Amino acid sequence: MALRLLTGTSFLSAEFPPRPPLAFYSSPSSHYLVRANSPRQAQIRAAVKGWKEYEQAVKDKDLARALGFLRLIDESTLEPSESTRPFRLEPIGVERDWEVLDTCLNADDMRLVGSAYVFLKDRGFLPNFGKCRNIVLEGPRDITPSVLKSLTGLEVSKLSPKKWGVSGTSSPVLAVFLGGLSYLLYQGIDIRPNLAAFLGLALLDSIYLGGCCQAQIASCWPPYRRRILVHEAGHLLTAYLLGCPIRGVILDPIVAIQMGIQGQAGTQFWDEKLENELSEGRLSGTTFDRYCMVLFSGIAAEALVYGEAFGGENDENLFRRICTQLQPPFTVAQMSNHARWAVSESYNLLKWHRKAHKAAFRAMEAGSSLSVVIRSIEEALSSDRGAATR
(Lines give C-alpha, C1' and ligand atoms only; values in the text may rest on other atoms or scores of the structure.)
Protein backbone atom coordinates (compact mmCIF):
# COMPACT_ATOMS: atom_id res chain seq x y z
CA MET A 1 0.00 0.00 0.00
CA ALA A 2 1.47 3.40 -1.00
CA LEU A 3 0.54 6.74 0.57
CA ARG A 4 1.27 10.13 -0.97
CA LEU A 5 0.53 13.71 0.09
CA LEU A 6 -1.25 15.72 -2.55
CA THR A 7 0.23 19.27 -2.75
CA GLY A 8 -2.30 22.06 -2.36
CA THR A 9 -4.94 19.88 -0.88
CA SER A 10 -6.04 19.27 2.67
CA PHE A 11 -6.48 15.54 2.56
CA LEU A 12 -4.49 12.34 2.17
CA SER A 13 -5.30 9.85 -0.51
CA ALA A 14 -4.36 6.21 -0.38
CA GLU A 15 -3.78 3.71 -3.12
CA PHE A 16 -5.15 0.31 -2.21
CA PRO A 17 -5.21 -2.85 -4.22
CA PRO A 18 -8.65 -3.22 -5.82
CA ARG A 19 -11.07 -5.30 -3.78
CA PRO A 20 -12.95 -8.12 -5.41
CA PRO A 21 -16.52 -7.23 -6.32
CA LEU A 22 -19.37 -8.07 -3.99
CA ALA A 23 -21.57 -11.04 -4.87
CA PHE A 24 -25.08 -11.58 -3.58
CA TYR A 25 -26.27 -15.12 -3.12
CA SER A 26 -29.88 -15.98 -2.49
CA SER A 27 -31.49 -19.25 -1.47
CA PRO A 28 -35.12 -20.06 -0.83
CA SER A 29 -34.53 -19.43 2.88
CA SER A 30 -31.42 -17.31 3.21
CA HIS A 31 -29.48 -14.50 1.58
CA TYR A 32 -25.73 -13.94 1.76
CA LEU A 33 -23.50 -10.98 0.86
CA VAL A 34 -19.87 -12.01 0.34
CA ARG A 35 -16.79 -11.07 -1.69
CA ALA A 36 -16.83 -12.77 -5.06
CA ASN A 37 -13.36 -14.21 -4.48
CA SER A 38 -13.89 -14.94 -0.79
CA PRO A 39 -12.62 -18.25 0.58
CA ARG A 40 -16.25 -18.85 1.60
CA GLN A 41 -17.54 -18.53 -1.95
CA ALA A 42 -17.42 -22.26 -2.64
CA GLN A 43 -19.16 -22.97 0.64
CA ILE A 44 -21.91 -20.49 -0.11
CA ARG A 45 -22.44 -21.88 -3.57
CA ALA A 46 -22.73 -25.32 -2.02
CA ALA A 47 -25.23 -23.96 0.51
CA VAL A 48 -27.34 -22.40 -2.23
CA LYS A 49 -27.28 -25.66 -4.13
CA GLY A 50 -28.25 -27.46 -0.95
CA TRP A 51 -31.27 -25.22 -0.41
CA LYS A 52 -32.37 -25.94 -3.95
CA GLU A 53 -32.09 -29.65 -3.20
CA TYR A 54 -34.13 -29.09 -0.02
CA GLU A 55 -36.80 -27.32 -2.05
CA GLN A 56 -36.92 -30.28 -4.42
CA ALA A 57 -37.14 -32.72 -1.48
CA VAL A 58 -40.13 -30.80 -0.14
CA LYS A 59 -41.70 -30.86 -3.58
CA ASP A 60 -41.09 -34.61 -3.80
CA LYS A 61 -42.49 -35.14 -0.27
CA ASP A 62 -39.20 -36.79 0.74
CA LEU A 63 -39.04 -36.32 4.52
CA ALA A 64 -35.74 -38.15 5.05
CA ARG A 65 -33.90 -36.02 2.50
CA ALA A 66 -35.45 -32.72 3.63
CA LEU A 67 -34.84 -33.36 7.32
CA GLY A 68 -31.33 -34.59 6.63
CA PHE A 69 -30.48 -31.33 4.90
CA LEU A 70 -31.87 -29.20 7.74
CA ARG A 71 -29.83 -31.19 10.26
CA LEU A 72 -26.72 -30.75 8.14
CA ILE A 73 -27.22 -26.99 7.94
CA ASP A 74 -27.90 -26.84 11.67
CA GLU A 75 -24.69 -28.72 12.51
CA SER A 76 -22.39 -26.92 10.05
CA THR A 77 -23.05 -23.22 10.63
CA LEU A 78 -20.46 -21.15 8.71
CA GLU A 79 -18.09 -19.25 11.01
CA PRO A 80 -15.89 -16.78 9.11
CA SER A 81 -12.37 -16.11 10.27
CA GLU A 82 -11.24 -12.82 11.80
CA SER A 83 -9.90 -11.62 8.45
CA THR A 84 -13.31 -11.94 6.85
CA ARG A 85 -15.40 -10.83 9.83
CA PRO A 86 -16.36 -7.47 8.21
CA PHE A 87 -17.98 -9.53 5.48
CA ARG A 88 -19.58 -12.05 7.80
CA LEU A 89 -22.24 -14.27 6.29
CA GLU A 90 -25.64 -13.63 7.86
CA PRO A 91 -28.54 -15.92 6.93
CA ILE A 92 -31.78 -13.94 6.88
CA GLY A 93 -34.97 -15.80 7.59
CA VAL A 94 -35.79 -19.42 8.16
CA GLU A 95 -39.21 -19.50 6.57
CA ARG A 96 -38.64 -22.67 4.61
CA ASP A 97 -37.81 -24.84 7.63
CA TRP A 98 -41.54 -25.17 8.35
CA GLU A 99 -42.08 -26.88 5.00
CA VAL A 100 -40.43 -30.06 6.23
CA LEU A 101 -43.81 -30.82 7.84
CA ASP A 102 -45.39 -30.95 4.39
CA THR A 103 -43.26 -33.99 3.56
CA CYS A 104 -44.59 -36.07 6.47
CA LEU A 105 -47.69 -37.39 4.69
CA ASN A 106 -45.68 -39.66 2.39
CA ALA A 107 -43.36 -40.91 5.16
CA ASP A 108 -43.75 -44.57 6.09
CA ASP A 109 -41.52 -44.28 9.16
CA MET A 110 -43.55 -42.55 11.87
CA ARG A 111 -40.45 -42.20 14.04
CA LEU A 112 -38.99 -40.05 11.31
CA VAL A 113 -42.15 -37.92 11.42
CA GLY A 114 -41.65 -37.57 15.17
CA SER A 115 -38.03 -36.55 14.59
CA ALA A 116 -39.16 -33.71 12.34
CA TYR A 117 -41.37 -32.29 15.09
CA VAL A 118 -38.62 -32.69 17.71
CA PHE A 119 -36.13 -30.96 15.42
CA LEU A 120 -38.41 -27.97 14.85
CA LYS A 121 -39.31 -27.78 18.53
CA ASP A 122 -35.64 -27.80 19.53
CA ARG A 123 -35.03 -24.93 17.13
CA GLY A 124 -37.84 -22.90 18.68
CA PHE A 125 -40.40 -23.24 15.89
CA LEU A 126 -42.94 -25.31 17.86
CA PRO A 127 -42.90 -23.98 21.44
CA ASN A 128 -46.46 -25.18 22.09
CA PHE A 129 -46.03 -28.69 20.73
CA GLY A 130 -46.80 -31.03 23.63
CA LYS A 131 -47.57 -28.19 26.06
CA CYS A 132 -50.49 -30.19 27.50
CA ARG A 133 -48.90 -33.64 27.44
CA ASN A 134 -49.02 -33.84 31.25
CA ILE A 135 -52.70 -32.92 31.47
CA VAL A 136 -53.62 -36.61 31.61
CA LEU A 137 -53.06 -37.85 35.15
CA GLU A 138 -53.86 -41.04 36.98
CA GLY A 139 -57.11 -40.85 38.90
CA PRO A 140 -60.80 -41.72 38.88
CA ARG A 141 -62.67 -41.71 35.59
CA ASP A 142 -66.21 -41.86 36.95
CA ILE A 143 -68.13 -39.52 34.63
CA THR A 144 -71.90 -39.96 34.81
CA PRO A 145 -74.21 -38.19 32.33
CA SER A 146 -75.01 -35.56 34.96
CA VAL A 147 -71.32 -34.95 35.64
CA LEU A 148 -70.71 -34.68 31.91
CA LYS A 149 -73.38 -32.01 31.65
CA SER A 150 -71.86 -30.08 34.55
CA LEU A 151 -68.44 -30.19 32.87
CA THR A 152 -69.55 -29.26 29.35
CA GLY A 153 -73.03 -27.80 29.69
CA LEU A 154 -74.30 -30.34 27.16
CA GLU A 155 -76.44 -33.45 27.36
CA VAL A 156 -74.89 -36.79 26.51
CA SER A 157 -76.98 -36.95 23.33
CA LYS A 158 -75.31 -33.76 22.07
CA LEU A 159 -71.90 -35.41 22.35
CA SER A 160 -72.82 -38.59 20.48
CA PRO A 161 -72.51 -39.11 16.70
CA LYS A 162 -75.87 -39.14 14.96
CA LYS A 163 -77.04 -42.28 13.19
CA TRP A 164 -79.65 -42.43 10.46
CA GLY A 165 -83.07 -43.20 11.90
CA VAL A 166 -81.95 -42.18 15.39
CA SER A 167 -81.07 -38.51 15.00
CA GLY A 168 -83.72 -35.87 15.38
CA THR A 169 -83.76 -34.89 11.69
CA SER A 170 -83.58 -38.25 9.93
CA SER A 171 -87.15 -39.34 10.71
CA PRO A 172 -88.79 -36.16 9.30
CA VAL A 173 -86.58 -36.35 6.22
CA LEU A 174 -87.56 -39.97 5.66
CA ALA A 175 -91.24 -39.08 6.08
CA VAL A 176 -90.96 -36.24 3.54
CA PHE A 177 -89.14 -38.55 1.11
CA LEU A 178 -91.78 -41.27 1.33
CA GLY A 179 -94.55 -38.71 1.06
CA GLY A 180 -92.99 -37.21 -2.07
CA LEU A 181 -92.58 -40.67 -3.60
CA SER A 182 -96.24 -41.50 -2.93
CA TYR A 183 -97.33 -38.20 -4.52
CA LEU A 184 -95.30 -38.87 -7.69
CA LEU A 185 -96.81 -42.36 -7.95
CA TYR A 186 -100.28 -40.89 -7.51
CA GLN A 187 -99.55 -38.50 -10.38
CA GLY A 188 -98.54 -41.42 -12.59
CA ILE A 189 -94.81 -40.73 -12.40
CA ASP A 190 -93.02 -43.93 -11.51
CA ILE A 191 -89.43 -43.29 -10.48
CA ARG A 192 -89.03 -46.60 -8.69
CA PRO A 193 -86.69 -48.09 -11.36
CA ASN A 194 -84.43 -45.03 -11.18
CA LEU A 195 -84.59 -45.05 -7.39
CA ALA A 196 -83.71 -48.75 -7.29
CA ALA A 197 -80.70 -48.13 -9.54
CA PHE A 198 -79.57 -45.21 -7.37
CA LEU A 199 -79.90 -47.21 -4.15
CA GLY A 200 -78.06 -50.12 -5.75
CA LEU A 201 -75.14 -47.89 -6.71
CA ALA A 202 -75.11 -46.38 -3.23
CA LEU A 203 -75.02 -49.87 -1.70
CA LEU A 204 -72.12 -50.92 -3.93
CA ASP A 205 -70.29 -47.72 -3.04
CA SER A 206 -70.78 -48.43 0.66
CA ILE A 207 -69.61 -52.05 0.38
CA TYR A 208 -66.64 -51.73 -1.98
CA LEU A 209 -65.56 -48.09 -1.67
CA GLY A 210 -66.46 -47.33 1.91
CA GLY A 211 -69.01 -44.75 0.82
CA CYS A 212 -66.36 -42.43 -0.62
CA CYS A 213 -68.45 -41.53 -3.68
CA GLN A 214 -71.36 -40.45 -1.50
CA ALA A 215 -68.94 -38.57 0.73
CA GLN A 216 -67.37 -36.85 -2.28
CA ILE A 217 -70.79 -35.61 -3.36
CA ALA A 218 -71.79 -34.57 0.16
CA SER A 219 -68.54 -32.65 0.68
CA CYS A 220 -69.54 -30.30 -2.14
CA TRP A 221 -72.20 -28.89 0.17
CA PRO A 222 -70.43 -26.03 2.04
CA PRO A 223 -72.11 -26.48 5.47
CA TYR A 224 -71.28 -30.19 5.46
CA ARG A 225 -67.67 -29.56 4.44
CA ARG A 226 -67.23 -26.91 7.14
CA ARG A 227 -68.42 -29.40 9.75
CA ILE A 228 -65.83 -31.90 8.52
CA LEU A 229 -63.11 -29.23 8.80
CA VAL A 230 -64.23 -28.35 12.34
CA HIS A 231 -64.08 -32.05 13.25
CA GLU A 232 -60.60 -32.65 11.81
CA ALA A 233 -59.23 -29.38 13.24
CA GLY A 234 -60.25 -30.70 16.66
CA HIS A 235 -58.27 -33.92 16.12
CA LEU A 236 -55.24 -32.01 14.83
CA LEU A 237 -55.10 -29.40 17.61
CA THR A 238 -55.63 -31.92 20.42
CA ALA A 239 -52.92 -34.23 19.05
CA TYR A 240 -50.57 -31.27 18.70
CA LEU A 241 -51.13 -30.00 22.25
CA LEU A 242 -50.69 -33.51 23.67
CA GLY A 243 -47.38 -33.94 21.84
CA CYS A 244 -48.48 -36.45 19.19
CA PRO A 245 -46.80 -35.72 15.83
CA ILE A 246 -49.31 -35.27 13.01
CA ARG A 247 -48.50 -37.03 9.78
CA GLY A 248 -51.20 -35.25 7.83
CA VAL A 249 -54.87 -34.37 7.45
CA ILE A 250 -56.75 -36.08 4.61
CA LEU A 251 -59.92 -34.32 3.52
CA ASP A 252 -60.53 -36.04 0.19
CA PRO A 253 -62.65 -39.21 0.63
CA ILE A 254 -60.95 -40.94 -2.30
CA VAL A 255 -57.46 -40.24 -0.91
CA ALA A 256 -58.69 -41.36 2.52
CA ILE A 257 -59.79 -44.77 1.26
CA GLN A 258 -56.51 -45.14 -0.66
CA MET A 259 -54.62 -44.60 2.59
CA GLY A 260 -56.78 -47.10 4.46
CA ILE A 261 -58.73 -44.50 6.46
CA GLN A 262 -62.28 -45.41 7.38
CA GLY A 263 -64.65 -42.52 6.88
CA GLN A 264 -64.76 -39.43 4.70
CA ALA A 265 -61.67 -37.74 6.15
CA GLY A 266 -59.00 -38.40 8.72
CA THR A 267 -56.13 -36.98 10.76
CA GLN A 268 -53.13 -39.27 11.07
CA PHE A 269 -51.12 -38.86 14.26
CA TRP A 270 -48.53 -40.93 16.11
CA ASP A 271 -47.97 -41.57 19.81
CA GLU A 272 -44.47 -42.88 20.47
CA LYS A 273 -45.24 -43.95 24.02
CA LEU A 274 -48.29 -45.87 22.86
CA GLU A 275 -46.29 -47.72 20.22
CA ASN A 276 -43.48 -48.54 22.64
CA GLU A 277 -45.86 -49.87 25.28
CA LEU A 278 -47.83 -51.97 22.80
CA SER A 279 -44.57 -53.48 21.52
CA GLU A 280 -43.84 -54.51 25.12
CA GLY A 281 -47.29 -56.08 25.47
CA ARG A 282 -48.66 -53.54 27.93
CA LEU A 283 -50.66 -50.31 27.94
CA SER A 284 -50.64 -47.80 30.79
CA GLY A 285 -53.76 -45.89 31.77
CA THR A 286 -52.36 -42.43 30.98
CA THR A 287 -51.20 -43.49 27.51
CA PHE A 288 -54.59 -44.99 26.68
CA ASP A 289 -56.35 -41.91 28.07
CA ARG A 290 -54.27 -39.56 25.91
CA TYR A 291 -55.07 -41.61 22.82
CA CYS A 292 -58.79 -41.55 23.68
CA MET A 293 -58.70 -37.77 24.08
CA VAL A 294 -57.36 -37.36 20.54
CA LEU A 295 -59.85 -39.93 19.27
CA PHE A 296 -62.89 -38.11 20.72
CA SER A 297 -61.65 -34.57 20.05
CA GLY A 298 -63.40 -34.40 16.67
CA ILE A 299 -66.76 -35.05 18.33
CA ALA A 300 -65.87 -32.51 21.03
CA ALA A 301 -64.96 -29.89 18.42
CA GLU A 302 -68.31 -30.25 16.64
CA ALA A 303 -70.16 -29.96 19.95
CA LEU A 304 -68.13 -26.90 20.91
CA VAL A 305 -68.81 -25.06 17.64
CA TYR A 306 -72.32 -26.29 16.73
CA GLY A 307 -73.74 -27.30 20.09
CA GLU A 308 -73.94 -30.97 19.06
CA ALA A 309 -71.95 -33.54 17.13
CA PHE A 310 -73.02 -35.39 13.99
CA GLY A 311 -69.78 -37.02 12.82
CA GLY A 312 -67.44 -39.34 14.67
CA GLU A 313 -69.11 -42.73 14.27
CA ASN A 314 -65.86 -44.24 12.95
CA ASP A 315 -64.01 -42.77 15.94
CA GLU A 316 -66.45 -44.49 18.29
CA ASN A 317 -66.13 -47.78 16.41
CA LEU A 318 -62.34 -47.65 16.68
CA PHE A 319 -62.62 -46.92 20.40
CA ARG A 320 -64.90 -49.93 20.92
CA ARG A 321 -62.57 -52.18 18.93
CA ILE A 322 -59.58 -51.16 21.06
CA CYS A 323 -61.54 -51.59 24.32
CA THR A 324 -62.52 -55.15 23.43
CA GLN A 325 -58.84 -56.02 22.78
CA LEU A 326 -57.67 -54.85 26.21
CA GLN A 327 -56.87 -57.42 28.88
CA PRO A 328 -59.27 -57.68 30.55
CA PRO A 329 -61.69 -56.21 27.98
CA PHE A 330 -63.83 -53.23 28.94
CA THR A 331 -67.46 -53.86 29.72
CA VAL A 332 -70.13 -51.81 27.96
CA ALA A 333 -70.54 -49.68 31.08
CA GLN A 334 -66.77 -49.07 31.30
CA MET A 335 -66.67 -48.11 27.61
CA SER A 336 -69.48 -45.59 28.04
CA ASN A 337 -67.90 -44.10 31.15
CA HIS A 338 -64.46 -43.79 29.56
CA ALA A 339 -65.91 -42.28 26.39
CA ARG A 340 -67.69 -39.63 28.48
CA TRP A 341 -64.45 -38.85 30.31
CA ALA A 342 -62.44 -38.55 27.08
CA VAL A 343 -64.97 -36.33 25.28
CA SER A 344 -65.33 -34.04 28.32
CA GLU A 345 -61.55 -33.63 28.62
CA SER A 346 -61.21 -32.95 24.89
CA TYR A 347 -64.12 -30.52 24.96
CA ASN A 348 -62.59 -28.41 27.73
CA LEU A 349 -59.10 -28.57 26.20
CA LEU A 350 -60.48 -27.19 22.92
CA LYS A 351 -62.55 -24.65 24.81
CA TRP A 352 -59.39 -23.34 26.51
CA HIS A 353 -57.72 -23.10 23.09
CA ARG A 354 -60.73 -22.00 21.05
CA LYS A 355 -58.74 -19.34 19.18
CA ALA A 356 -56.13 -21.87 18.04
CA HIS A 357 -58.88 -24.24 16.89
CA LYS A 358 -60.47 -21.46 14.87
CA ALA A 359 -57.09 -20.61 13.32
CA ALA A 360 -56.55 -24.25 12.32
CA PHE A 361 -60.05 -24.43 10.84
CA ARG A 362 -59.53 -21.28 8.77
CA ALA A 363 -56.17 -22.49 7.45
CA MET A 364 -57.67 -25.85 6.46
CA GLU A 365 -60.68 -24.14 4.89
CA ALA A 366 -58.28 -22.11 2.73
CA GLY A 367 -56.67 -25.34 1.53
CA SER A 368 -53.37 -24.64 3.30
CA SER A 369 -50.67 -27.24 3.76
CA LEU A 370 -49.92 -28.88 7.11
CA SER A 371 -47.00 -26.53 7.81
CA VAL A 372 -49.25 -23.49 7.36
CA VAL A 373 -51.93 -25.00 9.61
CA ILE A 374 -49.38 -25.75 12.36
CA ARG A 375 -47.91 -22.29 12.03
CA SER A 376 -51.35 -20.69 12.32
CA ILE A 377 -51.87 -22.64 15.55
CA GLU A 378 -48.57 -21.40 16.96
CA GLU A 379 -49.36 -17.81 16.03
CA ALA A 380 -52.80 -18.03 17.65
CA LEU A 381 -51.37 -19.53 20.85
CA SER A 382 -48.60 -16.92 20.96
CA SER A 383 -51.07 -14.07 20.54
CA ASP A 384 -53.23 -15.51 23.31
CA ARG A 385 -50.22 -15.71 25.61
CA GLY A 386 -49.21 -12.14 24.72
CA ALA A 387 -52.72 -10.87 25.44
CA ALA A 388 -52.75 -12.66 28.80
CA THR A 389 -49.49 -11.02 29.90
CA ARG A 390 -50.64 -7.50 29.08
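Since this is a predicted model, take the numbers as computed values, not measurements.

Take the overall build of the protein next. On a plain count of helices and strands, the protein comes out with 15 helices and six strands. Taken over 390 residues, the protein has a buried fraction of 42%. The contacts in the protein between residues at least 6 apart in sequence include a share of 66% that link residues at least 24 apart. Total accessible area on the protein is roughly 21,500 Å²; 58% of this is exposed by carbon and sulfur atoms.

Next up on the list: helix α10 (residues 272-279). You can read the cap of α10 off the contacts: a side-chain oxygen lies 3.1 Å from the backbone nitrogen of K273, and it is on D271. Taken from the residues just after α10, G281 is the one with a positive phi, measuring 75°.

With that out of the way, let us pick up the pattern of salt bridges. Under the counting rule described, the total for this entry stands at twelve salt bridges. Salt-bridge contacts for R227 lead to E302; the nearest nitrogen and oxygen are separated by 2.8 Å. Here R227 is found in helix α8 (residues 222-241), whereas its partner E302 is found in helix α11 (residues 285-306), with 75 residues between them in sequence. Neither R227 nor E302 differs from the other in exposure class; each is buried. Across the pair R282 and E280 runs a salt bridge, and its minimum N-O distance is 2.8 Å. What emerges from the salt-bridge pattern is a single network uniting R111, E272 and E275.

Moving on, we come to the packing of helix α4 (residues 145-152) against helix α13 (residues 332-352). In contact at an axis separation of 10 Å, α4 and α13 are set at 5° when each is read in the N-to-C sense. Between α4 and α13, the crossing angle belongs to the class labelled roughly parallel. Of the residues in α13, those in contact with P145, L148, L151 and T152 of α4 are R340, V343, S344, Y347 and N348. Within the contact of α4 with α13, the residues separate by chemical class into five nonpolar, three polar and one charged.

Moving on, we come to the packing of aromatic side chains. Applying the stated rule across the entire model yields seven aromatic pairs. Between F269 and Y291, the ring centres sit 5.8 Å apart and the planes meet at 40°, which makes this aromatic pair tilted. Remark: Y291 occurs in helix α11 and F269 occurs in strand β6 (residues 266-269); sequence separation between them is 22 residues. Residue classification places Y291 among the buried residues on the basis of a relative accessible area of 15%. Relative to F319, the ring of F296 has its centre 5.1 Å away and its plane inclined at 75°; by these criteria the two rings are edge-to-face. Of this pair, F296 sits in helix α11 while F319 sits in helix α12 (residues 313-325), and the two are 23 residues apart along the sequence.

A few words now on the nonpolar core. Nonpolar side chains in soluble globular proteins tend to end up buried together. Ranked by internal contacts, the top residues of the largest apolar core, which has 78 residues, are V100, Y117, L126, F319, I374 and I377. Among residues more than four places away in sequence, those in contact with Y117 are L101, C104, L126, F129, Y240, P245, I246, L370 and I374.

Turning next to the packing of α11 against α13. With their axes 7 Å apart at the nearest point, α11 and α13 run at an angle of 65° to one another. Crossing angle aside, the handedness with which α11 passes α13 is right-handed. Side by side, α11 and α13 meet where F288, D289, C292, M293, F296, S297, I299, A300, A301, A303 and L304 of the first sit next to H338, A339, W341, A342, V343, E345, S346, Y347, L349, L350 and K351 of the second.

Before going further, it helps to spend a moment on unusual backbone geometry. Of note, the amide linkage connecting Q327 to P328 takes the cis form, showing an omega dihedral of 0°. Note that P328 resides in the loop between α12 and α13.

It is worth spelling out the environment of R71 at this point. Inspection of the secondary structure puts R71 in helix α2 (residues 63-75). For the pair R71 and A116, spaced 45 residues apart in the sequence, the C-alpha separation amounts to 9.9 Å. In this view, R71 contacts S115 and F119; residues no more than four positions away in its chain are not counted.

With that out of the way, let us pick up the environment of E316. One can find E316 in helix α12. The buried category is assigned to E316, whose relative accessible area is 12%. Taking the C-alpha atoms as reference points, E316 and L295, 21 residues apart in sequence, are found 8.1 Å from one another.

The next thing to look at is the side chain of H235. Within the secondary structure, H235 sits in helix α8. Of the polar contacts made by the side chain of H235, one reaches the side chain of S297; its length is 3.3 Å. Excluding anything up to four places from it in sequence, H235 contacts T267, V294, L295, S297, G298 and D315.

Attention now moves to the side chain of N337. Among the structural elements, N337 can be located in helix α13. Residue classification places N337 among the buried residues on the basis of a relative accessible area of 16%.

Turning to the confidence of the model for the protein, a few remarks are in order. Across the protein, the average pLDDT comes to 75, with 61% of residues at or above 70. In the model, residues 1-14 has pLDDT below 50 throughout and makes twelve contacts with residues more than four positions away in sequence or in other chains. Throughout residues 164-170 the model reports pLDDT below 50, and contacts reaching past four residues in sequence, or to other chains, amount to seven contacts.

Counting buried residues along strand β5 (residues 246-250), four of its five residues qualify, which places the element largely inside the surrounding structure. The pairing of β5 with β6 spans four bridges and is classified as antiparallel. Along β6, the bridge assignment pairs I246 with F269.

Basis of the calculations
Residues numbered from 1 in each chain as written. Predicted model: local features only at pLDDT ≥ 70, side-chain atom pairs only at ≥ 80, totals over all residues. Heavy atoms only, no water. Helix = DSSP H or I, 4+ residues; strand = E, 2+ residues; numbered from the N terminus. Buried < 20%, exposed > 50% of the residue type's maximum accessible area, 1.4 Å probe, protein only. Contact = heavy atoms within 4.5 Å. Areas by Shrake-Rupley, 256 points an atom, 1.4 Å probe, with all protein chains shown as cover. Polar contact = N/O pair within 3.5 Å; in protein donor to acceptor, adjacent residues only side chain to side chain. Salt bridge = Lys/Arg side-chain N within 4 Å of Asp/Glu carboxyl O. Axes fitted to C-alpha atoms, helices over the stretch in contact; angles between N-to-C directions. Parallel < 35°, antiparallel > 145°, perpendicular 65-115°, else oblique. Nonpolar A, V, L, I, M, F, W, Y, C, P; charged D, E, K, R; others polar. Phe/Tyr/Trp six-rings, centres within 6.5 Å; stacked < 30°, edge-to-face > 60°. Core = buried A, V, L, I, M, F, W, Y, C linked by side-chain atoms within 4.5 Å. Left-handed = near helix turned anticlockwise from the far one by under 90°. pLDDT = per-residue confidence, 0-100. Pairing = 2+ DSSP bridges.

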